[in-house]
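Listed here are the chains, written in short residue letters.
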Protein chains: 2
Amino acid sequence: MKKVDIFKKLRSSGLRPTKQRVEIAKFLFDRDTTFHFTIDSLENHLTKKTTCKFALATIYNTVHAFKKAGHLSEVDVRGKKTYFDTNITNHHHFYDNETSELIDIDASEVVIQKIPKAPNGKKIKNVEVFINLKN
Amino acid sequence: MKKVDIFKKLRSSGLRPTKQRVEIAKFLFDRDTTFHFTIDSLENHLTKKTTCKFALATIYNTVHAFKKAGHLSEVDVRGKKTYFDTNITNHHHFYDNETSELIDIDASEVVIQKIPKAPNGKKIKNVEVFINLKN
DNA sequence: TTTCAGTTTATAATAATTCTAAAGTAAAAA
DNA sequence: TTTTTACTTTAGAATTATTATAAACTGAAA
Ligand SMILES: [Mn+2]
Ligand SMILES: [Mn+2]
Ligand SMILES: [Zn+2]
Ligand SMILES: [Zn+2]
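All values reported here derive from a predicted model rather than from experimental measurement. (Residues numbered from 1 in each chain as written. Chains lettered and ligands numbered in written order. Predicted model: local features only at pLDDT ≥ 70, side-chain atom pairs only at ≥ 80, totals over all residues. Heavy atoms only, no water.)

### As for the sheet that holds strand 5 (residues 101-106) of chain A
Okay, step 1: The six strands lie next to each other as 5(A)-4(A)-7(A)-7(B)-4(B)-5(B), forming an open sheet whose pairing is mixed. The sheet is open, and its two edges are formed by strand 5 of chain A together with strand 5 (101-106) of chain B, each paired on a single side. For this sheet the average axis-to-axis angle between neighbouring strands, irrespective of direction, equals 25 degrees. (Pairing = 2+ DSSP bridges. Helix = DSSP H or I, 4+ residues; strand = E, 2+ residues; numbered from the N terminus. Axes fitted to C-alpha atoms, helices over the stretch in contact; angles between N-to-C directions.)

### What to know about the protein's contact with DNA strand D
Okay, step 1: Near DNA strand D, the surroundings consist of 17 residues, among which A:T18, A:R21, A:K53, B:H64 and B:T82 are the closest.
Okay, step 2: Close to the protein, within 4 Å, the atoms of DNA strand D belong to sugar or phosphate groups at a rate of 84%.
Okay, step 3: With respect to DNA strand D, the side chain of A:T18 contributes an N or O atom lying 2.4 Å from a phosphate oxygen.
Okay, step 4: Between DNA strand D and A:R21 there is a distance of 2.6 Å, counted from a phosphate oxygen to a side-chain nitrogen or oxygen.
Okay, step 5: Sorting the residues of the surface near DNA strand D by element identifies helix 2 (19-29) and helix 4 (56-68) of chain A together with helix 4 (56-68) of chain B as the ones contributing at least two each.
Okay, step 6: Looking at the surface near DNA strand D, the element that brings in the most residues is helix 4 of chain B, giving four residues.
Okay, step 7: Split into classes, the residues belonging to the surface near DNA strand D amount to seven nonpolar, five polar and five charged. (Near = heavy atom within 4 Å. Polar contact = N/O pair within 3.5 Å; in protein donor to acceptor, adjacent residues only side chain to side chain. Nonpolar A, V, L, I, M, F, W, Y, C, P; charged D, E, K, R; others polar.)

### Quick word on the coordination of the zinc ion (ligand 4)
Residues and elements named next belong to chain B.
Okay, step 1: Taken together, the protein donors to the zinc ion (ligand 4) comprise H36 (NE2), D85 (OD), H91 (NE2), H93 (NE2) and D104 (OD), at separations of 2.0 to 2.2 Å.
Okay, step 2: Donor residues for the zinc ion (ligand 4), ordered by position in the chain, follow H-x48-D-x5-H-x1-H-x10-D. Of this pair, H36 sits in strand 1 (residues 36-38) while D85 is found in strand 3 (residues 83-85), placing the two residues 49 residues apart along the sequence. (Donors = N, O, S within 2.8 Å, 3.2 Å for Na, K, Ca; no water.)

### So, the side chain of A:H71
Residues and elements named next belong to chain A.
Okay, step 1: By secondary structure assignment, the location of H71 is in the loop between helix 4 and strand 2 (73-75).
Okay, step 2: A distance of 2.8 Å separates a polar atom in the side chain of H71 from a polar atom in the side chain of S12.
Okay, step 3: Excluding its chain neighbours within four sequence positions, the residues that come into contact with H71 are K9, S12, S13, F29, F66, T86 and I88. (Contact = heavy atoms within 4.5 Å.)

### Looking at the protein's contact with DNA strand C
Okay, step 1: In the neighbourhood of DNA strand C, 21 residues make up the surrounding shell, with A:T82, B:R16, B:T18, B:R21 and B:K53 lying closest.
Okay, step 2: Among atoms of DNA strand C positioned within 4 Å of the protein, sugar and phosphate together represent 85%.
Okay, step 3: The separation between a base nitrogen of DNA strand C and a polar side-chain atom of A:R16 is 3.4 Å.
Okay, step 4: Among the secondary structure elements, those contributing two or more residues to the surface near DNA strand C are helix 4 of chain A together with helix 2 (19-29) and helix 4 of chain B.
Okay, step 5: For the surface near DNA strand C, the per-class residue count stands at eight nonpolar, five polar and eight charged.

### Focus: the sheet that holds strand 2 of chain A
Residue and element names in this part refer to chain A.
Okay, step 1: In spatial order, the strands read 1-3-2; together these three strands make up an open sheet with antiparallel pairing. The sheet is open, and its two borders are formed by strand 1 (36-38) and strand 2, each paired with just one other strand. Direction aside, the axes of adjacent strands within the sheet are offset by 40 degrees on average.

### With respect to the domain arrangement of chain A
Residues and elements named next belong to chain A.
Okay, step 1: What the domain assignment reports for chain A is domain 1 (3-77) and domain 2 (89-133).
Okay, step 2: Facing five residues of domain 1, the contacting portion of domain 2 comprises six residues.
Okay, step 3: With both chains or domains summed, domain 1 and domain 2 bury close to 500 Å², and 63% of this area falls on carbon and sulfur atoms.
Okay, step 4: On the domain 1 side of the contact with domain 2, H36, V75 and V77 bury the most area, a combined 76% of that side's loss.
Okay, step 5: Our count for the domain 1 to domain 2 interface comes out at zero salt bridges. (Domains from an automatic or database assignment. Buried area = accessible area lost by both parts, 1.4 Å probe. Salt bridge = Lys/Arg side-chain N within 4 Å of Asp/Glu carboxyl O.)

### Here's the deal with the environment of B:R11
Residues and elements named next belong to chain B.
Okay, step 1: As for its position among the elements, R11 is in helix 1 (residues 3-12).
Okay, step 2: Note on R11: relative accessible area 52%, which makes it exposed.
Okay, step 3: Spatially, the C-alpha atom of R11 lies 9.9 Å from that of A69, the residues being 58 residues apart in sequence. (Buried < 20%, exposed > 50% of the residue type's maximum accessible area, 1.4 Å probe, protein only.)

Structure (structure tokens):
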């Protein structure tokens, strides 16, 4: 992903490309594979691997703007912290409770044969399969 | 469920049957169908519908003891609050984001035909299906 | 009774997240 | 280019859910 795409991510999220936001976007999107992160892990990376300074609020705001724009998704993990995902395709997860690690499962790897119909007046928005792991 | 069963729930959770705990156990278990709750909703009920006084810590402690004893399970819902479930069978959920309501799906209503194998050295502990609803 | 382990409670501490308002900066207008 | 405007960053405060603490209380057993 080139710098022009980073700028597109930012612009399409309604964000001016400031140096903080460019660093965040580069870390999140300028890579070959998607990944999962928390605000905490993101902040750790940014403070260690970049020269610029980041207020926590800036990180929260930027991540939420990306999420609202559909460039990030949120994964529901038991526990206190919110997990974000740069994989915005419809997919599922393994969760390793020992290591607190999320592992992607491509949607094609899960086939559901039978599912109940939605309650009256409601529709199914999406189906999330979450597979807990043990040793 | 009779009072003797309430006492069993308490004793099997390592809890003496105090008046607070009996009220909590009665509300959670003395009913025909299972349900989902948060600490907050539980507290609201207890303060409104009973005469006795409840410190928040007592509610947290009692609920956690029930969970540890296997009388309650926890459901992963996006958002800040922890949801508990008096349905401790293996089952799945609809989640209505509009109303923040969880609806049970019996395990038999979901049939999964294909699932990836667990990563090396890991085993599958359980599979949770979470169906988000929309209007 | 007295004792003692277990319990409740008010309050403080913690942790993730959100809010605020002042100071700074990028982009638009002149 | 300068001025103006709107957006941004920031430190710190506020909020919210949860957990910890330690003193007062209770109830069964010695
Ligand atoms: Mn969660
Ligand atoms: Mn959750
Ligand atoms: Zn993922
Ligand atoms: Zn349930």
